[in-house]
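Each chain, written out:
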Amino acid sequence: ICGSSVATAATITQVALPEMKRHGYSGRISTGTLAAGGTLGILIPPSVPLVIYALLTQQNIAKLFLAAFIPAALAVTGFMIAIRVYVTLNPTAGPATPKAPFASRLKDMIDTWPVMMIFLVVFVGMNGDFFVGRSLFTPTEGAIAACVWAMVLGLFWYRTLSWRMFVKVCLDTVETTATVMFIVAAASIFGWMLTATGVTAAIADWVLAFTKEPWLFLLLANVLMLFVGCFLEPTAAITILVPILLPIVLKLGINPVHFGLVMVLNLMIGLLHPPMGMVLFVLARVAKLSVERTTAAILPWLVPLLLSLAILTYIPSISLWLPKYMGM
């Protein structure tokens, strides 16, 4: 729902970390799982980096959103396996208290349906061709529908949204949207300058002179994007890298939708990776831990992410099957 890894990790950590500690989870597994899970905010739709990538590459936003589901499920499955292995090897990492009854857990899940409807409204509406024979609305109209439903929940269902807060949220949205549009505009100018001056062609010729094997280019691109992701916020990294890498991607016959998912997953990992991962520092501040201890807690969760990246990079059907199945 948030679309931002940093915001997701910070928000969920503030809510969940005190409860996890109260229930007896160790600080290491609490911090690691919250950081790793929080980064999924930019892989699972709606995703701000995916939207910006789509705008810069002229790709269909709905197609990119669909393509992200299976890679996201792959990453989640990897996290679950990692948690199971970690707790098995470290029995004291989890709480000794008994599980809540199934009926209680089922009730809690059912109680979340109003919020989950935001996701369903966007997903079903944008992909209505598959469900009801025609699309109900465009991605922009889907965003409007989600906002209207969120307003209904805040004002009338949960009654936690006042009109004063509503005005503030609108102003914050205008500020965020304007920022994104300025970034996209600057990125377009940047890409045009690189193309007009021949920089992209020169880089493409240099890379293609080095190798014309797509698998080797993807390997080198992954190393580059992982490195850049450790120092730059995903939006900035996409702005810089897309104009440079996209011409090579097209010349090598790599699907730009597949490459977009690879890029976003790389930058997602970079948010967790030292020395400058943004989620790393946000989590250290919220959890009131040193950066060194937070890094030690996060490192085991990089393993399933890196495995997911390797699988996604060299099995394109993981990202392309669902859009194709949906007829996109």
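Preceding this paragraph is the structure being described.
Now for a description of the structure that goes with this document.

Considerations on a nonpolar patch on the surface
- Side chains of Phe102, Leu106, Ile110, Trp113, Val115, Trp157 and Tyr158 sit close together on the surface and give an oily, nonpolar patch of about 730 Å² of accessible area.
- Taken together, the elements giving at least two residues each to the nonpolar patch come down to helix H5 (102-111) and helix H6 (113-126).
- Sorting elements by how many residues they give to the nonpolar patch places H5 first, with three residues.
- Relative to the assigned elements, Leu106 resides in helix H5.

Re the side chain of Asn222
- Positionally, Asn222 belongs in helix H11 (residues 214-229).
- Contacts of Asn222, omitting those with residues within four sequence positions, involve Val262, Asn266, Leu309 and Thr313.

Examining the nonpolar core
- Counting residues in hydrophobic clusters, the biggest one holds 63 residues, and the most contacted among them are Phe217, Phe259 and Met263.
- Here the element with the most residues in this core is helix H13 (residues 256-270); it accounts for ten residues.
- The contacts of Met263, once residues within four sequence positions are left out, are Tyr53, Met225, Ile238, Leu241, Val242 and Leu245.
- Residues Ala16, Leu17, Met20 and Leu289 belong to the second largest nonpolar core, which totals six residues.

The rules we used
Residues numbered from 1 in each chain as written. Predicted model: local features only at pLDDT ≥ 70, side-chain atom pairs only at ≥ 80, totals over all residues. Heavy atoms only, no water. Patch = residues over 30% accessible without salt bridge, like charges linked within 9 Å, V, L, I, M, F, W, Y side chains within 5 Å. Areas by Shrake-Rupley, 256 points an atom, 1.4 Å probe, with all protein chains shown as cover. Salt bridge = Lys/Arg side-chain N within 4 Å of Asp/Glu carboxyl O. Helix = DSSP H or I, 4+ residues; strand = E, 2+ residues; numbered from the N terminus. Contact = heavy atoms within 4.5 Å. Core = buried A, V, L, I, M, F, W, Y, C linked by side-chain atoms within 4.5 Å. Buried < 20%, exposed > 50% of the residue type's maximum accessible area, 1.4 Å probe, protein only.

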